[in-house]
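# Summary of the model geometry
What follows is the residue order along each chain.
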Amino acid sequence: MRKMLFATVLAGFASLTGLNGTASAQTIGVSFHVFDDNFITVLRNGMIKHAETLPGVKLQVENAQGDVGRQLDQIKNFIAAGVNALVVLPVDTSGATAITELAAKANIPLVYVNREPNNVDSLPKGEAFIASNELDSGTLETKEVCRLLHEKGVKEAKVAVLVGQLGNFAAKTRTQDIKNVIATPDCSFMKIVDEQSAGWQRVKAADIVTNWVSSGLKFDAIIANNDEMAIGAIQALKASGQPVKDLVIAGIDATKDGLAAMADGSLKVTVFQDAAGQGAGGVDAALALLKGTPLEKKVYIPFQLVTPANMATFANRN
């Protein structure tokens, strides 16, 4: 059903934009907040591969390297170069207003992908957001952690949380999802014993977990905002001689590395976020807006829970 829903969304974009070989030549300027992230690499490749199937569509892809100023300069350069549309994964989701205003002033369609800008509800005409609903991501993840801890018979579960980039919409929402689930009667036996930001990064997560272990912090589960941080946690635990497979480690994204960790029993939970689908959807949405087709401000591609029981279904999808 979810696959059909997303296929329907993309098919709708394609029919609206004339992507059956009749589209005129269009150039889309794309700015990514970073390149060196496994999930983002899949998203970027999905975007590029999809654009290659569309006659007359060309992408100009830039890496902002986590620098807000660099990204703003990229947007200005795209506009000066006369691109037809913009696709952006913002460095700072809380400060995307400047990008929105630049695109609106230049009357260039703008699509935010994956990283929801704080001003998403007030985006002007000709701008949209393509991603998955973060209210579902951390909720699916934490409910499954809760179920597994119940299954293990843990009466008072200690939970450590690894948070993504501070200030980032997804990081804030996924972390609040965790707390909302823990606040429910069925999962109130779970208690957060520490919560630290590793900025989505594997190495930083490993450093944090190494410090947790060396300080004597006890936990039954580690809930991470993404797979990269969950993998960093697993690496640190293994290096410290901890019984990783006895703990419930959870992440989000269902990356190849995440699924490999699940296959060896280290990662118990992840949540599939369709990176390639978001990339393709961003291109199609930009072309639809370019043609003047009205779109919803937010187009969501469903998250899906991934466990050892169904992980084979998601092989090679991220």
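Everything below is about the structure printed above this text.
Figured I'd write up the structure that's included with this text. (Residues numbered from 1 in each chain as written. Predicted model: local features only at pLDDT ≥ 70, side-chain atom pairs only at ≥ 80, totals over all residues. Heavy atoms only, no water.)

### With respect to the sheet that holds strand S5 (residues 127-131)
What counts is decided by this rule: Being paired, for any two strands, means DSSP has found at least two bridges between them. Runs of E in the DSSP output that reach at least two residues are strands. Runs of H or I that reach at least four are helices, and both are numbered from the N terminus. Under this scheme, a helix contributes an axis fitted over its contacting stretch, all axes are lines through C-alpha atoms, and angles between N-to-C directions fall in the 0 to 180 degree range. Note on contacts: a residue pair qualifies if any of its non-hydrogen atoms lie within 4.5 Å across the two residues.
The parallel open sheet is built from six strands, whose spatial order is S2-S1-S3-S4-S5-S11. Every interior strand has two partners, whereas the edge strands, strand S2 (57-63) and strand S11 (298-300), have only one. The average undirected angle you get between the axes of adjacent strands in this sheet is 20 degrees. Sheet analysis places S5 next to S11, joined by three bridges and oriented parallel. Paired with phenylalanine 129 across the strands is lysine 298, a residue of S11. Most of the contacts of helix H4 (residues 97-106) go to strand S4 (residues 110-113), to which it runs at about 155 degrees, and overall it touches strand S3 (85-88), S4 and S5.

### A short note on the pairing of S3
Definition in use: Throughout this description, buried means an accessible area under 20% of the type-specific maximum (1.4 Å probe, protein chains only), exposed means over 50%, and partly exposed covers the range between. With the strands pointing away from the viewer, any crossover whose connection runs clockwise from the first strand over the helix to the second is right-handed.
The alternating pattern of S3 places Ala85 and Val87 and Leu86 and Val88 on opposite faces, both of which are buried. Pairing between strand S1 (residues 26-32) and S3: four bridges, direction parallel. Following the sheet pairing, isoleucine 28 is matched in S3 by alanine 85. Bridge count between S3 and S4: three bridges; the pairing is parallel. Paired with leucine 86 across the two strands is leucine 110, which belongs to S4. As a crossover connection, the stretch from S3 through H4 into S4 is right-handed.

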